[in-house]
Amino acid sequence: MSVNAQSAEAPQAQSVGLIIGAVAVTLLLASLGQTIVSTALPTIVGELGGLDHLTWVVIAYLLSSTVVAPIYGKLGDLYGRKIVLQAAIVIFLLGAALSAFASSMTFLIIARAVQGLGGGGLMVVAMTVVADVIPPRQRGKIQGIFSAVFGVATIVGPLLGGFIVERLSWHWIFIINLPLGLLALVVIGFALKPRAERVSHQIDYKGFVLLSAGLSALVLATSLGGHTYAWMSVEILGLVALGLVALILFVGTEAKAAEPVLPLQLFRNRTFVVVNAVGFLAGMAMFGSITFLPMYLQVAKGISPTSSALQLLPMMLGLIGASTLSGLFMTRTGRYRILPILSTAGLFIGMTLLGLMQTDTPDWQVALYMLLVGVGIGPVNSVGVTATQNAVPRQLMGVATAGVTLFRQIGGSIGVSVFGAIFSAGLAGGFNMQAIQAMPEAARLQAIEGFAMALHPVFFTAAAAALLAFALAFLLPELPLATSLRPEPRPEADAEVPATA
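Residues numbered from 1 in each chain as written. Predicted model: local features only at pLDDT ≥ 70, side-chain atom pairs only at ≥ 80, totals over all residues. Heavy atoms only, no water.

## Describing the overall build of the chain
The following threshold applies: Only DSSP runs of H or I covering at least 4 residues are called helices, and only runs of E covering at least 2 are called strands; the numbering of each starts at the N terminus. Three labels apply to residues, based on accessible area from a 1.4 Å probe with only protein chains included: buried if under 20% of the type maximum, exposed if over 50%, partly exposed otherwise in between. By the convention used here, residues are in contact when the closest approach between their heavy atoms is within 4.5 Å. Here, Shrake-Rupley sampling with a 1.4 Å probe gives the accessible areas, and only protein chains in the shown set may cover a residue.
When helices and strands are counted, the chain shows 20 helices and zero strands. Within the span of the chain, comprising 501 residues, buried residues form 55% of the whole. Looking at the chain alone, contacts between residues at least 24 apart form 85% of all its contacts between residues at least 6 apart. When the accessible surface of the chain is totalled, it reaches about 19,800 Å², and 70% of it is carbon and sulfur.

## Structural notes on the pattern of salt bridges
Should the charged atoms of two oppositely charged side chains come close, the side chains can pair. Our working rule: Here a salt bridge means any side-chain nitrogen of Lys or Arg lying within 4 Å of a carboxyl oxygen belonging to Asp or Glu.
Going through the model one piece at a time under the given rule, you end up with one salt bridge. Glu478 is the salt-bridge partner of Arg335, the closest N and O atoms lying 3.1 Å from each other. With a gap of 143 residues between them, Arg335 in the loop between helix H14 (313-333) and helix H15 (338-355) and Glu478 in the loop between helix H19 (441-473) and helix H20 (491-496) connect regions that are remote in the sequence. The class for Arg335 is partly exposed, based on a relative accessible area of 48%. What makes Glu478 partly exposed here is its relative accessible area of 27%.

## What to know about the packing of H15 against helix H16 (residues 363-391)
Geometrically, a packed helix pair is captured by the angle between its two axes and the distance between the axes. To keep things clear, this is the line we draw: Angles here are taken between N-to-C directions and fall from 0 to 180 degrees, while the axes themselves are lines fitted to C-alpha atoms, restricted in helices to the stretch in contact. The labels follow the angle: roughly parallel below 35 degrees, roughly antiparallel above 145, roughly perpendicular from 65 to 115, and oblique for the rest. In this scheme the crossing of two helices becomes right-handed for a clockwise turn of the near helix relative to the far one and left-handed for an anticlockwise turn of less than a right angle. Any residue outside Ala, Val, Leu, Ile, Met, Phe, Trp, Tyr, Cys, Pro, Asp, Glu, Lys and Arg is labelled polar, Gly included; the first ten of those are nonpolar and the last four are charged.
Taken N-terminus to C-terminus, the directions of H15 and H16 make an angle of 150°; their axes are 7 Å apart at the nearest point. With respect to each other, H15 and H16 are oriented roughly antiparallel. In this structure, the crossing between H15 and H16 has a hand that is left-handed. Of the residues in H16, those touching H15 at Leu339, Pro340, Ser343, Thr344, Gly346, Leu347, Ile349, Gly350, Met351, Leu353 and Leu354 are Tyr369, Leu372, Val373, Val375, Gly376, Ile377, Pro379, Val380 and Val383. Broken down by class, the residue content of the contact of H15 with H16 amounts to 15 nonpolar, five polar and no charged.

## Some words on the packing of aromatic side chains
Heads up, the rule is: Centre distance within 6.5 Å is the pairing criterion for rings of Phe, Tyr and Trp, where only the six-membered ring of Trp is used; planes under 30 degrees apart are then read as stacked, over 60 as edge-to-face, and the remainder as tilted.
As enumerated under the stated definition, the model contains four aromatic pairs in all. Between the aromatic rings of Phe267 and Phe272, the centroid separation amounts to 5.4 Å while the plane-to-plane angle is 85°, which identifies the pairing as edge-to-face. Summarising the aromatic geometry, the rings of Phe267 and Phe407 are spaced 6.5 Å apart at their centres and angled 75° between planes, so their arrangement reads as edge-to-face. One end of the pair, Phe267, is in the loop between helix H11 (234-256) and helix H12 (270-300); the other, Phe407, is in helix H17 (residues 397-426), and 140 residues separate them in sequence. Here the aromatic cluster, defined as three or more aromatic residues joined through ring pairs, consists of Phe267, Phe272 and Phe407.

## Structural notes on the side chain of Ser99
Among the secondary structure elements, Ser99 is positioned in helix H5 (residues 81-100). Looking at Ser99, the relative accessible area reads 0%, which means it is buried. Sequence-distant contacts of Ser99, that is, excluding residues within four places in its chain, are made with Leu108, Ala111, Arg112, Gln115, Trp170 and Phe174.

## Side note on the packing of helix H4 (residues 56-79) against helix H6 (residues 105-133)
It is the contact of H4 with H6, at a shortest axis distance of 6 Å, that shows an interaxial angle of 35°. In this structure, H4 meets H6 at a crossing whose hand is right-handed.

## Points about the confidence of the model for the chain
Selection rule: A score between 0 and 100, pLDDT records how confident the predictor is in each residue.
Chain-level pLDDT for the chain is 77 on average; 79% of the residues reach the 70-or-more range. The low-confidence segment residues 486-501, where pLDDT is below 50, has 39 contacts with residues more than four positions distant or belonging to other chains.

## What to know about the environment of Val152
Of note, Val152 is situated in helix H7 (residues 136-167). On the basis of relative accessible area, Val152 is assigned to the partly exposed category, the value being 29%. With 168 residues separating them along the chain, Val152 and Ile320 place their C-alpha atoms 7.7 Å apart. Each residue touching Val152, except ones within four places of it in the same chain, is listed here: Gly157, Met316 and Ile320.

## Topic: a nonpolar patch on the surface
Let me state the cut-off plainly: Here, patches come from residues exposed beyond 30% relative accessible area and free of salt bridges, joined within 9 Å for like charges and within 5 Å for nonpolar side chains (Val, Leu, Ile, Met, Phe, Trp, Tyr).
Side chains of Leu317, Trp364, Leu368, Leu371 and Val375 sit close together on the surface and give an oily, nonpolar patch of about 490 Å² of accessible area. The element best represented in the nonpolar patch is H16, accounting for four residues. The topology assignment puts Trp364 in helix H16.

## Thoughts on the environment of Arg394
With respect to the secondary-structure elements, Arg394 resides in the loop between H16 and H17. Using a relative accessible area of 7% as the deciding quantity, one classes Arg394 as buried.

## Structural notes on the environment of Lys74
Tracing the backbone through its elements, the reader meets Lys74 in helix H4. Along the backbone, Lys74 and Gln395 are 321 residues apart, and their C-alpha atoms lie at a distance of 9.3 Å. For Lys74, the residues in contact, after removing those within four places along its chain, are Glu259, Pro260, Val261 and Val399.

## Details of helix H9 (residues 177-191)
The line we're drawing: A helix is expected to span 1.5 Å multiplied by its residue count minus one. Here the arc refers to the set of directions running from the helix axis out to each C-beta atom.
A rise of 1.5 Å per residue sets the reference length of H9, with its 15 residues, at 21 Å; its end C-alpha atoms lie 21 Å apart and thus fit the reference within 8%. Inspection of H9 places Asn177, Gly181, Ala184, Val187, Ile188 and Ala191 among the buried residues, and these make up the whole buried set. Seen from one end, H9 has its buried residues packed into an arc of 130°, which puts them on one side. Facing away from the buried surface of H9 by more than 90 degrees, the exposed residues are Pro179, Val186 and Phe190.

## What to know about the side chain of Gln86
Structurally, Gln86 can be placed in helix H5. With a relative accessible area of 19%, Gln86 lands in the buried category. If sequence neighbours within four positions are ignored, Gln86 has contacts with Leu185, Ile188 and Gly189.

This is the structure we're talking about:
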């Protein structure tokens, strides 16, 4: 496949603004799809029943969106971004509509899985569209803005979900997706040109099946382990074994495939490997902090769930500010290597300080610690996408971008599970907030202190992950950011990731 074929779908300059706006909306849709449901779950269970299957409403979306990410990336490389992105939006909206009108918990879980099948494609293909219309040197500031969108969705999603449930009904958390998705679909149809050249391809069906099976098993193991089943149970060990076997077979298949779904050449590209290793570790720290910080604020500080979400605003502001500034820095200087080094150092300091918190730590200090965590997370995402897209051939742009998303999501999934196990091990027994509130004052304070102490190892483990990411960031090579959509051949991209037919 030639570079000219890939660039044929690049739009005219006057359409770039429309495309960037549509991409931002699609990324917001995909991000909200993961975060907006959490505060509505109690209400949904109260109406539909099925308390035992509550977590599957979240797991279904996480599982399907993670599994399809590399598949969408490959399909976008093969058949063009426009048709693949449009298909992802349609599937996402179909899943949202089905979820809105679900009449049972089982139906809702299935609908959420359908929505995730589209949501995984929204993130991957949308970010790759940017690579088709914006040169790498200018792409940094755009990726910084998109990382800010993720940060906003992380905090705003639960708040918006709670507001909609209180003022309208839980059905509207899904219905709200429809007008935004249709708007993005129309704009993309108008502004993004289809690929002019039609090329025959060999679909790697065996690779698709093995990769999906392996990722599904591992995501299910990390999602269910320690909650639904014990970590050493037959079910979890069986899922882990199945996942590892499927991925081993996948590697053997990809080595022989004419057009592999995840080319093994990418793993000989140092930029791709380092970016994904750092993103995996940062994903662990990010999702772990987002999961357990509200618990600390609610229990140790005694604030409401809604207020605890608002207390995360310093983290969001740090993430947005750092993402935006790092993007502007890349555009202005053409350099990026220093950014993940500085940000992971900040993430390590922030997580360490969170691990030292006590129940009487002043609110302003907690806010400062969260600000540091946000500053540490923001540049990792925006720099990772830009550096990876700049280091690989255009015909592998989609699948390489998908890899960045995939490793970050898997890191988050594993992080939440591992941190949950560490937290549970730190508690002497079960924790019931209502029972604790009914205790005498001295016993209540002692119980809350024990809860806070159990969180310390969680944040220290996240700090260790950030420290390892900091060390790995020094291995990131710094390639000149190209100033055009048709960059000159670069040694690392050509030598380490040769073009495939």
